[in-house]
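Chain and residue survey
Residue-level listing of the chains:
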Amino acid sequence: MQVDIGEGAEKTPGQQEEALEEARREFIAELWRRFEALQEWAVSHWPDQEHPLSSADFVEARKEILSLRSPAGSLNQPAQNNEAEPEQGGAQYVDVTPAPWP
């Protein structure tokens, strides 16, 4: 009997998580490379030379791409958890302000 241990073999949850994280890193690296190329192209081909584009015009897009590094996703997206919504009796207000440094 021959056991196949190639790509079709079952992976443990730890191996699946590791493979997923590696795929995430590769995706983000490729996305970043393509975004940098797009940014360079946009700056050099912008038609309004009186109001030229700069890298500062792409700050928010860079933040969004970098937020992909965290498994929770974008910082602007609410965390997906099992807490009740306000209309379901959940908290009306959640204080997310960090405590001051001692």
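Provided above is the structure to which this section pertains.
Conventions used here
Residues numbered from 1 in each chain as written. Predicted model: local features only at pLDDT ≥ 70, side-chain atom pairs only at ≥ 80, totals over all residues. Heavy atoms only, no water. Helix = DSSP H or I, 4+ residues; strand = E, 2+ residues; numbered from the N terminus. Buried < 20%, exposed > 50% of the residue type's maximum accessible area, 1.4 Å probe, protein only. Contact = heavy atoms within 4.5 Å. Areas by Shrake-Rupley, 256 points an atom, 1.4 Å probe, with all protein chains shown as cover. Phe/Tyr/Trp six-rings, centres within 6.5 Å; stacked < 30°, edge-to-face > 60°. Axes fitted to C-alpha atoms, helices over the stretch in contact; angles between N-to-C directions. Parallel < 35°, antiparallel > 145°, perpendicular 65-115°, else oblique. Nonpolar A, V, L, I, M, F, W, Y, C, P; charged D, E, K, R; others polar. Polar contact = N/O pair within 3.5 Å; in protein donor to acceptor, adjacent residues only side chain to side chain.

1. Overview of the overall build of the protein chain
Counting its secondary structure elements, the protein chain contains two helices and zero strands. For the protein chain, the residues scored as buried account for 11% of the 102 residues in total. Within the protein chain, residue pairs in contact and separated by at least 24 positions form 43% of the contacts whose partners lie at least 6 positions apart. Summed over its atoms, the accessible surface of the protein chain is roughly 9400 Å², and 56% of this surface lies on carbon and sulfur atoms.

2. With respect to the packing of aromatic side chains
Scanning the entire structure with this criterion turns up two aromatic pairs. Summarising the aromatic geometry, the rings of Trp-32 and Phe-35 are spaced 6.1 Å apart at their centres and angled 45 degrees between planes, so their arrangement reads as tilted. You can see Trp-32 and its partner Phe-35 sitting in helix 1 (residues 13-45), three residues apart, about one turn around the helix. When the centroid spacing of 6.1 Å and the interplanar angle of 75 degrees are considered together, the rings of Phe-35 and Phe-58 count as edge-to-face. Here Phe-58 lies in the loop between helix 1 and helix 2 (59-67) and Phe-35 lies in helix 1, a separation of 23 residues in the sequence. We note that Phe-35, like Phe-58, is buried. Through a chain of ring-to-ring contacts, the aromatic side chains of Trp-32, Phe-35 and Phe-58 assemble into a single cluster.

3. Some remarks on helix 2
Of all the residues in helix 2, the buried ones are Arg-62, Ile-65 and Ser-67. Looking at the buried residues of helix 2, the elements they touch are helix 1.

4. Overview of the packing of helix 1 against helix 2
Packing of helix 1 against helix 2 brings their axes to within 11 Å, and their N-to-C directions diverge by 170 degrees. With respect to helix 2, the element helix 1 is oriented roughly antiparallel. Listed contacts from helix 2 to Leu-31, Trp-32, Phe-35, Glu-36 and Gln-39 of helix 1 are Ala-61, Arg-62, Ile-65 and Leu-66. Split into classes, the residues belonging to the contact of helix 1 with helix 2 amount to six nonpolar, one polar and two charged.

5. Digging into the side chain of Gln-39
As for its placement among the helices and strands, Gln-39 is situated in helix 1. Here Gln-39 falls in the buried class, since its relative accessible area comes to 9%. Within the structure, the side chain of Gln-39 is placed 3.1 Å from the side chain of Arg-62, a separation counted as a polar contact. Leave out the neighbours within four places in its chain, and Gln-39 touches Ser-55, Phe-58 and Arg-62.

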